[in-house]
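In case you want the letters, here they are:
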There are 2 protein chains.
Amino acid sequence: MKVAVIGASGAVGREMTRILEERGFPADEFLPLASARSAGRTVRFRGAEHAIRELSVEALQGTDVALVSAGATVSRAFIPQAAANGTTCIDNSSAFRMDPAVPLVVPEVNPEALDGDPKIISVPNCTTITAVLPLGPLHRAAGLVDLSLSSYQSVSGAGHRGVAEMVEQISELHGREDEFARMDLSSFPSGPVFGKTIAFNVLAKVGEFEPGGYTGEEAKMMAEPRKILGLPDLPVVATSVRVPVPVGHAVTIIARFSRAITPGEAREILSRAPGVEVRDDPGNGIYPSPLEAAGGDTALVGRIRQVEHDPNALVFFSCADNLRQGAALDAVLIAEHLFT
Amino acid sequence: MKVAVIGASGAVGREMTRILEERGFPADEFLPLASARSAGRTVRFRGAEHAIRELSVEALQGTDVALVSAGATVSRAFIPQAAANGTTCIDNSSAFRMDPAVPLVVPEVNPEALDGDPKIISVPNCTTITAVLPLGPLHRAAGLVDLSLSSYQSVSGAGHRGVAEMVEQISELHGREDEFARMDLSSFPSGPVFGKTIAFNVLAKVGEFEPGGYTGEEAKMMAEPRKILGLPDLPVVATSVRVPVPVGHAVTIIARFSRAITPGEAREILSRAPGVEVRDDPGNGIYPSPLEAAGGDTALVGRIRQVEHDPNALVFFSCADNLRQGAALDAVLIAEHLFT
C-alpha cells in the first residue's frame, strides 16, 4: 500500500503524517509531496527522514491513497486526474465538499457516506467537525431542527504563517497590555494573514467576505453540517471569530430538536458517542477549553444547558484540536475505514 | 457639588475619575474612596493628586453623588445607608440591578428610567451594555422577540488582577506556542482569578456556575436586557466566554424581531443611535474588533447579516471598551442626566 501526504510541510500535513504513524496505518510506502517551495525538505515517518518531492500527476502514479491538505486550488488542479488514475483522494480542502458526487465525511458521524468505494472524499472544515461530532448523535436521538454556531477559532487554522504572525505581534505588544486603551490604533502591528492585529484581539472575519456579508468560513459552517447530517433544509446561522490561541477551536452551539431533551439525556448520549468526551460537571468546576483539547483525538463537550424558554433546545460548548481532530485525524480515519 | 468615586483604585474607578474630568463634570469637590488596603494611595483629578480615603458611611456624609464600583458586597453594605442620607448612588455592581425599585439604566437606551429622582441607580453588566446599545434602537423599530448572545470578554472584566494574571502567563508561555499540543497540561500555568490558563486559551466560564449550569455572568446577560428593554418575558440564551484580550468586550448577537428587517435598515437605524458607531462595510473589509473599541465611548457594531432562513432575524457583532463604555461612561452619563 502506497500512501501519499500532499501538503506534507503544512500544519495539517505534518499532523497527518504523525497520526498515520501513531495509529500504525499499514503503509508499505510513504510519499510526502508539496509545492516546489517545500521540495527537498524532509519529514520524519517511522524513524526515517523522507525527502518531500514536488507534487505532480506523475509523482502520484501508483499511489493507493492520498491525504491532501494543500488548499483548494491545488486540490482542484490535481485530485480529479489522480482519482481517475485510481488513487483514492481524501481532501481536507473546501474544493469538493459541496459537490453532490463527493461524500463529506466525519467518520464518527456519517461513515455510511463512504459506501460504494468513492475515489474522492472530502474532509469537512475544522469548525464544522468540532460542532458535528456532538451534533450527530444528538440529532439521531432527537431530530435537529435549528442550529446556531458562534466560533472561537485558533490562529493555526491559518497554518504556520498564522501562528507566526500572532507570535510576532505578541512579542511586539507584550508588556504594554495596560496601555492599549490609550495607544493610537496605528501603532498596533498587523500582517498579511489576518489583516488586523490578532494578538490581544479577536477578529470576526475568518476567510473572505461574500455577498450577503457572511464570510467564506461562515458559509462552510452553514452548508457542511446540512450535508453531513443529511438535513438539506436545516436552518443554520454561523459567526466565525478568530481568537489569539495557537491551537484548538471552540464553538458555542445552540441546537433545537424536534422533541424535548434534557442536559442529562444529552450527557448520556454523548458519553457513548465516538470522538466525543464529555467534560461537563459544573458543580466540580469541570468544563472544556481549547488548550485541553489540543493534542487530543476527541471533541471535548461541556457547558450543556437547557435553553430557558424552550425545552426542545440545548446550548453547549465544544472544543477540538483543529489540526488533529478537526482535520488530520478525520482524514486518517477515513483511510482506515476504506483500506483496513 | 460633591462627587465621590468608590473603588477609586480599581480598573473601573480609575476610568470613572478620568471620564468625570474629560467631560468636565461640574464637581466642586472630588472624593476618592476605597477599601483600607488602598487608602493613602492617590489618584489624579484635574491636575491635582487626591489621597484615597477609606470608605465609610461617615466619609460619604454630604456627598451629592457617588459613583460606585467596588463589588456587590461593598455596594450592599454601604449604598442603602448612603442613599437614605441623601447621596445619589450610581452603582456598577450587580447588587441592586434586579431590584424592582432600582432602575437599571443605559442612558442612551432607557433614560426614562431615571425619572422620579431615584437615589439608587444600577449600571448594567459590561457585556449587557455592549449588546443593548444596538439592541435598544432596533427593538424600538422592529420589536425584539428572541435573543441569543455569545460573548468574547476581556480579562480586564476581572479587574487589574485579571490583566496581571494573563500577562504573567503570557510571559511564561510565549515562545513555545508551537509546542502546546505536545505539552503536558500540568505544565501550563493557572492562577486564582481564572482558575485555568487564560493566556492562549478561551474559558467558557465567567463568574461562578449556578444551578442549571449557567454562570452568574450568563444569568446577568439574560436577565438585564429584559429589564432594560422592558421585555420581562423575552427569551434570551447567553454563553459568556473569557478571551485573552486585555480590554474590550465583544458579543455575537442573534436577534429576532416581530417583523422583517434588513441589514440595510438596521445600519440606517444604528447610524442614528447614540452610543453606537456602525463599522460595517464588508466590501471594503470594514468590521469592528475589541482593540478598535478600546479607549472609545461607543459600541462598534458590524457584521450585520440577515439570518438566512428568517427574514425577521439579524445576526451581528458588537464591541465596546468594557471599562469605559461598558461601565464608567454609563455611570457618568447617568450622573450628567440627573445633575446637569
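Residues numbered from 1 in each chain as written. Chains lettered and ligands numbered in written order. Predicted model: local features only at pLDDT ≥ 70, side-chain atom pairs only at ≥ 80, totals over all residues. Heavy atoms only, no water.

(A) Broad picture of the pattern of salt bridges. Evaluated as defined, the whole model comprises 42 salt bridges over all chains. The shortest N-O distance in the salt bridge between R303(B) and E218(A) comes to 2.7 Å. Remark: E218(A) occurs in helix 6 (residues 216–229) and R303(B) occurs in strand 13 (residues 299–307); the pair is interchain, linking two chains. One salt bridge in this structure joins R324(B) and E22(B), with 2.8 Å as the shortest N-O distance. Placement of R324(B) in helix 9 (residues 324–339) and of E22(B) in helix 1 (residues 11–22) is noted, with a sequence separation of 302 residues between them. A relative accessible area of 3% places R324(B) in the buried class. Take E22(B): its relative accessible area is 48%, and that puts it in the partly exposed class. (Salt bridge = Lys/Arg side-chain N within 4 Å of Asp/Glu carboxyl O. Helix = DSSP H or I, 4+ residues; strand = E, 2+ residues; numbered from the N terminus. Buried < 20%, exposed > 50% of the residue type's maximum accessible area, 1.4 Å probe, protein only.)

(B) Structural view of the domain arrangement of chain A. All names here are of chain A. Considered domain by domain, chain A is made up of domain 1 (2–124 + 328–339) and domain 2 (128–154 + 202–322). Taken over C-alpha atoms, the centre of domain 1 sits 26 Å from the centre of domain 2. Every contact between the two is made by 16 residues of domain 1 and, on the other side, 15 residues of domain 2. Summing both partners gives a buried area of about 1,300 Å² for domain 1 against domain 2, and 66% of it is carried by carbon and sulfur. Where domain 1 packs against domain 2, one counts one salt bridge. A salt bridge links E224 to R97, with the shortest nitrogen-to-oxygen separation between them at 3.0 Å. Counting across the domain 1 and domain 2 interface gives five residue pairs in polar contact (both at pLDDT 80 or more). Residue composition of the side of domain 1 that touches domain 2, by class: ten nonpolar, two polar and four charged. (Domains from an automatic or database assignment. Contact = heavy atoms within 4.5 Å. Buried area = accessible area lost by both parts, 1.4 Å probe. Polar contact = N/O pair within 3.5 Å; in protein donor to acceptor, adjacent residues only side chain to side chain. Nonpolar A, V, L, I, M, F, W, Y, C, P; charged D, E, K, R; others polar.)

(C) Representation of helix 5 (residues 159–173) of chain A within the structure. In this model helix 5 of chain A runs 22 Å from its N-terminal to its C-terminal C-alpha over 15 residues, within 8% of the 21 Å that 1.5 Å per residue would give. Burial in helix 5 of chain A covers these residues: G159(A), G162(A), V163(A), E165(A), M166(A), Q169(A), I170(A) and L173(A). Along helix 5 of chain A, the residues classed as buried sweep out an arc of 160 degrees about the axis, all on the same side. Of the residues in helix 5 of chain A, the exposed ones pointing more than 90 degrees away from the buried face are R161(A) and E168(A). Looking at the packing, one finds that the buried side of helix 5 of chain A touches helix 1 (11–22) of chain A together with helix 5 (159–173) of chain B. Among the residues trailing helix 5 of chain A, G175(A) stands out with phi positive, at a value near 105 degrees. (Expected span 1.5 Å × (residues − 1). Arc of directions from axis to C-beta.)

(D) Quick look at the environment of A27(A). All names here are of chain A. Within the fold, A27 resides in the loop between helix 1 and strand 2 (29–34). Classification of A27 as buried rests on a relative accessible area of 9%. The spatial distance from the C-alpha of A27 to the C-alpha of R76 is 25 Å, given a sequence separation of 49 residues. When residues no more than four places from it in sequence are discounted, the contact partners of A27 are M1, V3 and R46.

(E) Structural detail: the sheet that holds strand 1 (residues 2–6) of chain A. All names here are of chain A. Reading across from one edge, 5-2-1-6-7-8 is the order of the six strands in this open sheet, with parallel pairing throughout. Strand pairing shows two members of the sheet lacking a second neighbour, strand 5 (53–54) and strand 8 (120–122), which therefore form its edges. In terms of strand pairing, strand 1 meets strand 2 through five bridges, oriented parallel. By the bridge assignment, V5 is partnered in strand 2 with P32. Together, strand 6 (65–68), strand 7 (88–91) and strand 8 form the strand contacts of helix 3 (residues 72–84), whose direction differs from that of strand 7 by roughly 155 degrees. (Pairing = 2+ DSSP bridges. Axes fitted to C-alpha atoms, helices over the stretch in contact; angles between N-to-C directions.)

(F) Region of the structure containing the relation of the copies chain A and chain B. For the match of chain A to chain B, the screw axis carries a shift of 0.0 Å, the RMSD comes to 0.0 Å, and the turn is 180 degrees. Both chain copies can therefore be described as sitting about a two-fold axis. Most of the interface of chain A is mirrored in chain B: 100% of its interface residues are interface residues there too. (Least-squares fit on C-alpha atoms with pLDDT ≥ 70 in both.)

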